[in-house]
Amino acid sequence: MEYQSTRDPSLRASAAEAVLAGLAPDGGLYSMPSLREISLDWKHVLALDTQGMATEILTALLPSFTKEEMRALVRRAYAGKFETEDLTPTVRVGDDTVLELFRGPTSAFKDVALSMLPQLMTAAREKCGVTDEILILTATSGDTGKAAMEGFCDVPGTKIIVFYPDGGVSPVQKAQMATQAGKNVCVCAVRGNFDDAQTGVKNIFAAVEEEKLLDGRGVRLSSANSINIGRLAPQVVYYFRAYANLVNEGAVRLGDPVDFVVPTGNFGDILAGYFAKELGLPVGKLVCASNANNVLTDFLATGRYDKNRPFYKTVSPSMDILVSSNLERLLFLLSGDAALVKRLMAELKEKGAYEVPKELLEKLHGLFWQGCCDDAGTKNAIGLVWREYGYLCDTHTAVAWDVAQQYKAACPVHAPVVILSTASPYKFPAAVLEGLGHSAKGDEFDVMEQVRNETGVPVPKNLAGLREREVRHRDVIDRDGMLDYVLSKASQKEWF
Ligand SMILES: *Cc1c(COP(=O)(O)O)cnc(C)c1O
């Protein structure tokens, strides 16, 4: 029993139970009380290849599994699936290092975690003696759905249904999902916006739980959402990978700090950096980069979280978020006080705002730096980085690059800087092309071609030829039809 709810220390779970459940029964997130007690020989870990690092780090964070079991799960998750053996390569761009997290099967950084989660979930199912099939439900605004389908594709004992807003995702994202292969995957458009799809999924979980709609049917629901500890833990690995690369290149001496700049939405990616630091890696400052939705910039500066503000649709849509779920884990780990976290989360729900105590704010200031960058700054950064360094970055990475320059200007005595790059530029081709100083013509596929002609940077395999691939999924339903859709799918043994 190593995990507990961030809101109630009496709600405990093993790592395997936490992975299987996703969320604690009181709505809190599962967390260890402290990461300091974990013993991990971080210097030894730095000498391993990326799969070896993943095995050591994941066994330390999820001790329900033995090292041998974890080694097999890691191999199944990653072997042959990414463009490079090291999974997440680093590239020198000017004075900084860019850590490329998008070299996976769907060209999204979410591939790193969503390749591993299905393996952890099926292994957890076995550990907990659960024989039910796991049915994953996910609402997506684009990237998560595709990465989740690819991760769960043909994983035994699991099925996945993805809902997306009809007309609410980009043509490339829609084509990525509609052409997804696999006997156990299903994607369905919902007439409505993303919130309708997301609320629909939450209502299905509640109805199935309350009315016992799936009891005795050999199926249970779960979620591939980023609040699951099984999605967070695999992200710790690439901080070690990046640090080891810098040491091997002679850019940093073993033991000296490295600063990381992270384009942040739900606070999962940057929290993994804090985990790496707690496990011993010499992480200097963690720099939180936001777009125009800068609720985190204000929070980290002042200690007051306030989501009562306008919501902007930006060119970096994966960061368009006003409630960053994983922040709750950080508040818990820094305060060690579940009662405090419970109170703050209740205030967030009731008033949309809360303020942390002064001691907690001081701890935040010691660990983090923060900045934001709007759409004009984002496009400007894309053009500047291309002209100066010949490096093509996507919109989310451009936000981080811009904030990294702000950070270095504000704190001249800083460690070597690693910028986390979370998407291929070809996933947001129109804004990238504008950043390069050209206007987009035709549909998104034409614009991808324009970017390639302009830069010569190759289009990732999974995105090239997408327009010609066979469409397998065409369902479109009303939002009040979602529950019936799921129940009907749950009663079908074979989907294809
Ligand atoms: C999800 C996502 C992010 C934000 O990551 P969090 O873990 O939610 O903070 C940033 N960039 C891209 C491209 C993403 O898909």
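This write-up is about the structure you can find in this document.

What counts and how
- Residues numbered from 1 in each chain as written.
- Predicted model: local features only at pLDDT ≥ 70, side-chain atom pairs only at ≥ 80, totals over all residues.
- Heavy atoms only, no water.
- Disulfide = S-S within 2.5 Å.
- Phe/Tyr/Trp six-rings, centres within 6.5 Å; stacked < 30°, edge-to-face > 60°.
- Helix = DSSP H or I, 4+ residues; strand = E, 2+ residues; numbered from the N terminus.
- Buried < 20%, exposed > 50% of the residue type's maximum accessible area, 1.4 Å probe, protein only.
- Near = heavy atom within 4 Å.
- Polar contact = N/O pair within 3.5 Å; in protein donor to acceptor, adjacent residues only side chain to side chain.
- Nonpolar A, V, L, I, M, F, W, Y, C, P; charged D, E, K, R; others polar.
- Contact = heavy atoms within 4.5 Å.
- Pairing = 2+ DSSP bridges.
- Axes fitted to C-alpha atoms, helices over the stretch in contact; angles between N-to-C directions.
- Parallel < 35°, antiparallel > 145°, perpendicular 65-115°, else oblique.
- Left-handed = near helix turned anticlockwise from the far one by under 90°.

1. A look at the state of the cysteines
Working step 1: What the rule picks out here adds up to zero disulfides.
Working step 2: The thiol of C153 is unpaired, and the distance to the nearest cysteine sulfur, on C186, comes to 13 Å.

2. Points about the packing of aromatic side chains
Both the distance between ring centres and the angle between the ring planes are used here to describe each pair of aromatic rings.
Working step 1: Counted according to the given criterion, the structure contains nine aromatic pairs.
Working step 2: Ring centres of F299 and Y354 lie 6.1 Å apart, and the angle between their planes is 70°; this geometry places the pair in the edge-to-face category. With a gap of 55 residues between them, F299 in helix α12 (residues 295–302) and Y354 in strand β13 (residues 353–355) connect regions that are remote in the sequence. Note on accessibility: F299 and Y354 belong to one class, buried.
Working step 3: On the numbers, 5.4 Å between centres and 5° between planes, the contact of Y305 with Y354 is stacked. Of this pair, Y305 sits in strand β12 (residues 304–306) while Y354 sits in strand β13, placing them 49 residues apart in sequence.
Working step 4: Among the residues examined, Y354 registers a relative accessible area of 2% and is labelled buried.

3. Here we look at the site of the ligand
Working step 1: Neighbouring the ligand are 14 residues; K110, G265, N266, D269 and T422 lie closest to it.
Working step 2: The backbone of D269 places a nitrogen or oxygen atom 2.9 Å from an oxygen atom of the ligand.
Working step 3: Between an oxygen atom of the ligand and a side-chain N or O atom of S318, the distance comes to 3.3 Å.
Working step 4: Each residue belonging to the shell around the ligand can be placed in one class, and the counts come to four nonpolar, seven polar and three charged.

4. Section: the environment of S424
Working step 1: Tracing the sequence through the fold places S424 in the loop between β15 (417–421) and α18 (429–435).
Working step 2: Here S424 falls in the buried class, since its relative accessible area comes to 1%.
Working step 3: Between the C-alpha atom of S424 and that of T395, which follows or precedes it by 29 residues, the distance is 9.1 Å.
Working step 4: In this structure, S424 is in contact with F102, S107, D394, P460 and L463, ignoring residues within four places of it in sequence.

5. Quick word on the pairing of strand β5 (residues 96–100)
Working step 1: Within β5, five of the five residues are buried, leaving the element largely enclosed by the surrounding structure.
Working step 2: Here β5 shows no split at all, with D96, V98 and E100 on one side and T97 and L99 on the other all buried.
Working step 3: Between strand β4 (residues 90–93) and β5, which follow one another and run antiparallel, lie two residues, and G94 among them has a positive phi close to 65°.
Working step 4: Both β5 and β15 contribute to a ladder of four bridges, which runs parallel. Opposite V98, over in β15, you have I419 as the bridge partner.

6. Focus: the packing of helix α11 (residues 268–278) against helix α13 (residues 327–335)
Each packed pair of helices is defined by two parameters, the angle between the axes and the distance between the axes.
Working step 1: Where α11 contacts α13, the axes come no closer than 10 Å and their chain directions differ by 25°. As the angle between them shows, α11 and α13 are arranged roughly parallel. You can see that α11 and α13 cross each other, and the crossing is left-handed. Counting all contacts with α11, which are made through L271, Y274 and F275, the residues of α13 involved are R329, L330, L333 and L334.
Working step 2: Residue classes in the contact of α11 with α13 are distributed as six nonpolar, no polar and one charged.

That's the geometry; what it means functionally is another story.
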